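So the chains spell out like this:
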Amino acid sequence: MFEVIVTLCLAAAPGICRDILLPGHEAATEAACLAALERTPVAALPERVIAGGPVCVPVGEALGFDEVAPGVLVHVGAIAEADGENGGDMANLGIVIGTRSVAVIDTGSARWMGEAIWRAVRARTGLPVSHVILTHMHPDHVFGATVLAEAGAKVVGHEGLARALADRQENYLESLAARIGAGRLIGTAVAPVDVEVADATEIDLGGRVLEVRAWPAAHTGTDLTVLDRDSGVLFVGDLVFDKHLPTLDGSLRGWQVVLAELVTIPASGVVPGHGGPVLPWPDGAQDTARYLDVLAQDTHAAIGRGERLSDAVAGIAAEERDRWQLFDEHNARNATVAFTELEWE
Ligand SMILES: [Zn+2]
């Protein structure tokens, strides 16, 4: 199998380059790939940074996915912060294959991941990717989406997603570049949201329907869940964490309420945003719910004792430390968000 790439370099550092996959020209032979390229020439790219191509080359590496139910595949991200080693591959991602088309659920931290997801789809089916569903605004979930959008997929997100990403993309990309390297990030951008979900919507992939539901502020202000009605597998994004400490970037009280309702949804298994890859349901929500309860109780108690935020942070949810990975990286920030929210109660 062959695919089309173009080599892009950083305008500011022309020695740092990356081969960008341009999706949709895949073919069994190089000749057929070149013919496909001729029929659909590549759209204009920022000229000063193109170092080579477009050319047809043997397909690059696909991201690994495991089938967790018929036609439902999951890629398991590293339980880690983004770094040069994992390249930003730290969130769980999904592929659901219908009889007419395919949906991708979350896309990783960078364009290279969207490219590797596209290859994983192509290795399994020739059906088009009709939808890419983003479970929330965090960079490890959204930044691979542009490749799939270029391949024709509609980008589906919470009604607040486009605004949230417009406000944060500069910070997100700057921080990712520092963590995984600017070269690894070449070609990465925010994909426009085509389908904004305010309440709920259904996506028919042929032979199976996905129920997409938007939630009030919880983990973030842009949380979506995706239920594959056929298999009963529920993708919950970061509304449920496993192993990786939950991170709070929305509303603590909101998250507690949302989680209480989420567990009433019947599901055969749940794919959390981190960990898993498939948790029993509703038991799989227990660790996240317990942590949020402890975070709320400890924060409430500290406020009740009249402690200042800076003095309270170290003690809040400290008893949870041994139960999670990445506790030291995220708990102080969670406590700060919780304190700021609950001091107004
Ligand atoms: Zn998140």
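Note that the structure is a prediction, hence the values are computed from the model and not measured.

## Observations regarding the coordination of the zinc ion
Protein coordination at the zinc ion: the donors are H136 (NE2), H138 (ND1), H219 (NE2) and D238 (OD), at 2.1 to 2.2 Å from the metal. Classification of the site at the zinc ion rests on its four donor atoms, whose angles at the metal span 87 to 166°, yielding the label irregular. All donors to the zinc ion come from one chain, and their sequence spacing reads H-x1-H-x80-H-x18-D. For the pair H136 and H138, a shared accessibility class is recorded, and that class is buried.

## Examining the packing of aromatic side chains
Taken as a whole and assessed by the stated rule, the structure comprises three aromatic pairs. Aromatic side chains F143 and Y172 sit 6.5 Å apart centroid to centroid with 90° between the ring planes, which places their arrangement in the edge-to-face category. With F143 in the loop between helix 3 (139-142) and helix 4 (145-150) and Y172 in helix 5 (residues 161-180), the pair connects residues that are 29 residues apart, well separated along the chain. Relative accessible area serves as the criterion here: at 0%, F143 is assigned to the buried category. Here the aromatic rings of F241 and W255 are separated by 6.3 Å at their centres, their planes lie at 55°, and the arrangement is tilted. Note that F241 is positioned in the loop between strand 14 (233-235) and helix 6 (252-262) and W255 in helix 6, a separation of 14 residues in sequence. According to the relative accessible area criterion, F241 is buried, its value standing at 1%. On the basis of relative accessible area, W255 is assigned to the buried category, the value being 0%. The ring of W112 has R184 lying over it, and the distance from NZ or CZ to the ring centre is 4.8 Å.

## Quick notes on the sheet that holds strand 8 (residues 129-133)
Taken in spatial order, the seven strands of this open sheet run 4-5-6-7-8-9-10, and their pairing is mixed. A single partner strand is all that each edge strand has here, and the edge strands are strand 4 (66-69) and strand 10 (195-197). With strand direction ignored, the average angle separating the axes of adjacent strands in the sheet is 25°. Relative to strand 10, strand 9 (residues 154-158) is paired through three bridges, and the arrangement is parallel. Opposite H158, over in strand 10, you have V197 as the bridge partner. The strands touched by helix 2 (residues 111-124) within the sheet are strand 5 (72-75), strand 6 (93-97), strand 7 (102-105) and strand 8, with strand 6 carrying the most contacts at an inclination of about 30°.

## Description of the pairing of strand 12 (residues 209-214)
Note: strand 11 (residues 200-204) against strand 12, five bridges, orientation antiparallel. Paired with T201 across the two strands is V212, which belongs to strand 12. Linkage of strand 11 to strand 12, two consecutive antiparallel strands, is achieved through a turn of four residues, within which G206 is found at a positive phi near 85°. Alignment of strand 12 against strand 13 (residues 224-228), held across five bridges, turns out to be antiparallel. Counterpart to V212 in the pairing with strand 13 is V226.

## Notes on the sheet that holds strand 12
Spatially, the five strands line up as an open sheet ordered 11-12-13-14-15, and their pairing is mixed. In this open sheet, the two strands that pair with only one neighbour each are strand 11 and strand 15 (269-271). Strand-to-strand twist of the sheet, defined as the mean angle between neighbouring strand axes without regard to direction, takes the value 20°.

## Side note on the UniProt feature "domain: Metallo-beta-lactamase" (unreviewed entry) in the protein chain
As annotated by UniProt and renumbered to match this structure, "domain: Metallo-beta-lactamase" (unreviewed entry) occupies residues 90-274. The straight-line gap between the two end C-alpha atoms of residues 90-274 is 7 Å; of that span, 30% is helix and 24% is strand.

## Looking at the domain arrangement of the protein chain
Looking at the assigned domains, one finds that the protein chain contains domain 1 (2-58) and domain 2 (66-243 + 255-280). Spacing between the C-alpha centres of domain 1 and domain 2 amounts to 26 Å. Each partner contributes residues to the interface: domain 1 has 14 residues there, and domain 2 has 13 residues. Summed over both partners, the interface of domain 1 with domain 2 buries about 1,000 Å², with 63% contributed by carbon and sulfur atoms. Of all residues in domain 1, the largest losses of buried area upon contact with domain 2 belong to R18, L21 and P23, amounting jointly to 54% of the total for that side. Taken together, the connections running from domain 1 to domain 2 amount to two salt bridges. Of the charged contacts in the structure, one is a salt bridge between E115 and R18, with a shortest N-O distance of 3.0 Å. Our count for the domain 1 to domain 2 interface comes out at six residue pairs in polar contact (both at pLDDT 80 or more). Elements with a minimum of two residues in the side of domain 1 that touches domain 2: strand 1 (2-9) and strand 2 (17-27). For the side of domain 1 that touches domain 2, the leading source of residues is strand 2, giving nine residues. Looking at the side of domain 1 that touches domain 2, its residues break down into nine nonpolar, one polar and four charged.

The rules we used
Residues numbered from 1 in each chain as written. Predicted model: local features only at pLDDT ≥ 70, side-chain atom pairs only at ≥ 80, totals over all residues. Heavy atoms only, no water. Donors = N, O, S within 2.8 Å, 3.2 Å for Na, K, Ca; no water. Tetrahedral: all angles 85-135°; square planar, octahedral: opposite > 155°, others 65-115°. Buried < 20%, exposed > 50% of the residue type's maximum accessible area, 1.4 Å probe, protein only. Phe/Tyr/Trp six-rings, centres within 6.5 Å; stacked < 30°, edge-to-face > 60°. Helix = DSSP H or I, 4+ residues; strand = E, 2+ residues; numbered from the N terminus. Lys NZ or Arg CZ within 6 Å of the ring centre and 35° of its normal. Pairing = 2+ DSSP bridges. Axes fitted to C-alpha atoms, helices over the stretch in contact; angles between N-to-C directions. Contact = heavy atoms within 4.5 Å. UniProt positions renumbered as here; feature names shortened; annotations may be inferred. Domains from an automatic or database assignment. Buried area = accessible area lost by both parts, 1.4 Å probe. Salt bridge = Lys/Arg side-chain N within 4 Å of Asp/Glu carboxyl O. Polar contact = N/O pair within 3.5 Å; in protein donor to acceptor, adjacent residues only side chain to side chain. Nonpolar A, V, L, I, M, F, W, Y, C, P; charged D, E, K, R; others polar.

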